[in-house]
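Residue strings, one per chain:
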Amino acid sequence: MSSAEFDESLKPLVEAIKKGKKVTFFNGAGVSTSAGIPDFRSPKTGLYSNLAKLDLPYAEAVFDLDYFRKSPKAFYTLTHELLPGKFAPTKFHYLVRLFQDKKLLHRVYTQNIDTLERMAGVEDKYIIEAHGSFAKNHCIDCSEEMSSETLLQHMLNKEKNNGIPTCEKCNGYVKPDIVFFGEGLPPKFFDTWDEDADEVEVAIVAGTSLTVYPFASLPSEVGKNALRVLINKEKVGDFKSGKRRSDIVILSDCDSIAERLSELLGWKEELDAFVESAKKHFKANDETAAERAEEITEEIKESLDEDKETKARSEKQDKQETEVDAGAVKKEDAKDKELESLEEDIKKLNI
């Protein structure tokens, strides 16, 4: 699509914003990939595609609560690589911030756990993290909260529980409030959507495959008078199966559209200022999301291999201890039999 075609496609959106209509964002992993954070579901480059090569029950097991209880190290290896602070917000995240600053932001529903909306300066009252995030942490057994600072200290202390954060109250495993398979979505997600569904004026759906429910159903539930905009690499969800006449579908990467939209709205200088400021506060990350996915997978493989070696050593030690114990029991049995035989001989002598 040419620049002129982009502008023509964006025209109804620009007009709606200039009239003061508020925007509700529905963000997926695609808004964060330019920061170097891999998405999960891309067929060849996504994290699940890479994890499928490892010795896991299945690729998504890293986010399975039952597997976490048995083997939390894989998840914490992943967590160490994705911790907030390692990645700068993208142009798209700062565009969302500008909507907030201009009093034109209604809400941000995000599937992402990376907290980049928060790091871009979007306030908590606007953010609904459908799948949770790294913002808070709780024990999976007693629900005791652990601060992010303490969690990081536990992760860096390899001498204590192999760097796995454990509850100081009950010694159960602690994890960030990320929604795992086997857990329900935060009540805040449902409660807020009940209020918002009929209030959406402009819906911008960006960087998502719209395959994970119930998040995937949200764009289809906005009112018929809402202007819906899809910014994505391909048509997905209701934009494909239930397309409305007024829908705007732009097949492009999120940052390119964020930049062009900021130009059309006269916000380009402010967006550039945010991006430049981010470069000073965040370490440059030149890796692509696909490269990062491969690197994370390798880290998890190493951690799983270490777990296997540790388990093998432990089993060997247990076996040796069992053999020693069995030998000791055998000697005791032999002594007992010898003593019994001696007692029998003494009895015979007394007769």
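This structure is a prediction, so every number in the text was calculated from the model and none was measured.

Draft legend 1. Focus on the sheet that holds strand 6 (residues 174–178). Spatial strand order, 5-4-6: 3 strands in an open sheet with antiparallel pairing. Each having just a single partner strand, strand 5 (145–146) and strand 6 make up the two edges of the open sheet. Alignment of strand 4 (residues 132–139) against strand 5, held across 2 bridges, turns out to be antiparallel. Pairing of Asn137 across the sheet is with Met146, part of strand 5.

Draft legend 2. Region of interest: the pattern of salt bridges. For the structure shown, the criterion picks out 18 salt bridges. In this structure, Asp7 and Arg260 form a salt bridge, with 2.6 Å as the shortest nitrogen-oxygen distance. Of the two residues, Asp7 sits in helix 1 (residues 3–18) while Arg260 sits in helix 11 (residues 254–265), which places them 253 residues apart along the sequence. For Asp7, a relative accessible area of 21% translates into the label partly exposed. Among the charged side chains, a salt-bridge network with shared partners connects Lys91, Glu259, Lys268 and Asp272.

Draft legend 3. How the structure looks around the pairing of strand 6. The element strand 6 is extensively covered by neighbouring structure, given that 4 of its 5 residues are classed as buried. Here 4 bridges tie strand 4 to strand 6, and the two strands are oriented antiparallel to one another. Looking at the pairing, His138 lines up with Lys175 of strand 6.

Draft legend 4. Quick peek at the sheet that holds strand 1 (residues 23–27). With parallel pairing, 6 strands are arranged side by side in an open sheet as 3-2-1-7-8-9. With one partner strand each, in any of the chains shown, strand 3 (127–129) and strand 9 (248–251) form the two edges of the open sheet. Direction aside, neighbouring strands of the sheet carry axes that sit 15 degrees apart on average. The sheet contact formed by strand 2 (residues 105–110) and strand 3 spans 3 bridges and is parallel. Across the sheet, the residue bridging to Tyr109 is Ile128, located in strand 3.

Draft legend 5. Inspection of helix 11 at higher detail. With 12 residues, helix 11 extends 16 Å from end C-alpha to end C-alpha; this agrees with the ideal 16 Å at 1.5 Å per step. Looking at the buried side of helix 11, the elements it contacts are helix 1, helix 5 (91–101), strand 7 (202–206), strand 8 (227–232), strand 9 and helix 12 (268–281). You can read the cap of helix 11 off the contacts: a side-chain oxygen lies 3.4 Å from the backbone nitrogen of Asp255, and it is on Asp253.

Draft legend 6. Structural detail: the packing of helix 1 against helix 11. Here helix 1 crosses helix 11 at 60 degrees, and the two axes come no closer than 10 Å. By the angle between their axes, helix 1 is oblique relative to helix 11. Crossing handedness for the pair helix 1 and helix 11: right-handed. Packed against helix 1, whose contacting residues are Ser3, Phe6, Asp7, Leu10, Leu13, Val14, Ile17 and Lys18, the element helix 11 presents Ile257, Arg260, Leu261, Leu264 and Leu265 at the interface. Within the contact of helix 1 with helix 11, the residues separate by chemical class into 9 nonpolar, 1 polar and 3 charged.

Draft legend 7. View of the packing of aromatic side chains. Inspection of the entire model under this criterion finds 17 aromatic pairs. Here the aromatic rings of Phe75 and Phe180 are separated by 5.1 Å at their centres, their planes lie at 70 degrees, and the arrangement is edge-to-face. Of this pair, Phe75 sits in helix 4 (residues 73–82) while Phe180 sits in the loop between strand 6 and helix 8 (187–196), and the two are 105 residues apart along the sequence. Taken as a pair, Phe75 and Phe180 share a single burial class, namely buried. These aromatic residues form a ring-pair network of at least three members: Phe63, Phe68, Phe75, Tyr76, Tyr173 and Phe180. Across from the ring centre of Phe180, 4.4 Å away, lies the NZ or CZ of Lys175, which sits over that ring. Lying over the aromatic face of Phe239, Arg228 brings its terminal NZ or CZ to 4.5 Å of the ring centre.

Rules and cut-offs
- All residue numbers refer to position in the chain's written sequence, counted from 1.
- Only residues with pLDDT of at least 70 get local features here, since the model is predicted, and only at 80 or more are side-chain atom pairs given and counted; chain-wide, interface and lining totals rely on the full set of residues.
- Neither water nor hydrogens contribute to the side-chain values; these are computed over all heavy atoms in the structure.
- What makes two strands pair is DSSP finding at least two bridges between them.
- The secondary structure listing takes helices from DSSP runs of H or I that are at least 4 residues long and strands from runs of E that are at least 2 residues long, numbered from the N terminus.
- What makes a salt bridge here is a side-chain nitrogen of Lys or Arg within 4 Å of a carboxyl oxygen of Asp or Glu, nothing more.
- Only protein chains enter the accessibility calculation, which uses a 1.4 Å probe; a residue is then buried when its area is under 20% of its type maximum, exposed when over 50%, and partly exposed in between.
- Structural elements are reduced to axes, namely lines fitted to C-alpha atoms, with helices fitted over the stretch in contact, and the angle between N-to-C directions of any two is expressed from 0 to 180 degrees.
- What a helix should span is 1.5 Å times the count of its residues minus one.
- The contact definition used throughout considers only heavy atoms, calling two residues in contact when any of these lie within 4.5 Å.
- Residues adjacent in sequence count toward polar contacts only when both atoms are side-chain atoms; beyond that, a polar contact is any pair of N or O atoms within 3.5 Å, and within protein one must be able to donate a hydrogen and the other to accept it.
- Here the word oblique covers every angle except those under 35 degrees (roughly parallel), over 145 (roughly antiparallel) and from 65 to 115 (roughly perpendicular).
- Handedness of each helix crossing follows the sense of rotation of the near helix against the far helix: counterclockwise by less than a right angle gives left-handed, clockwise gives right-handed.
- When residue character is reported, Ala, Val, Leu, Ile, Met, Phe, Trp, Tyr, Cys and Pro are called nonpolar, Asp, Glu, Lys and Arg charged, and the others, Gly included, polar.
- Classification of ring pairs uses Phe, Tyr and Trp, with its six-membered ring standing for Trp, and accepts pairs whose centres are within 6.5 Å; under 30 degrees between planes counts as stacked, over 60 as edge-to-face, and the remaining range as tilted.
- Two conditions define a charge sitting above a ring: the NZ of Lys or the CZ of Arg must be within 6 Å of the ring centre, and it must be within 35 degrees of the ring normal.

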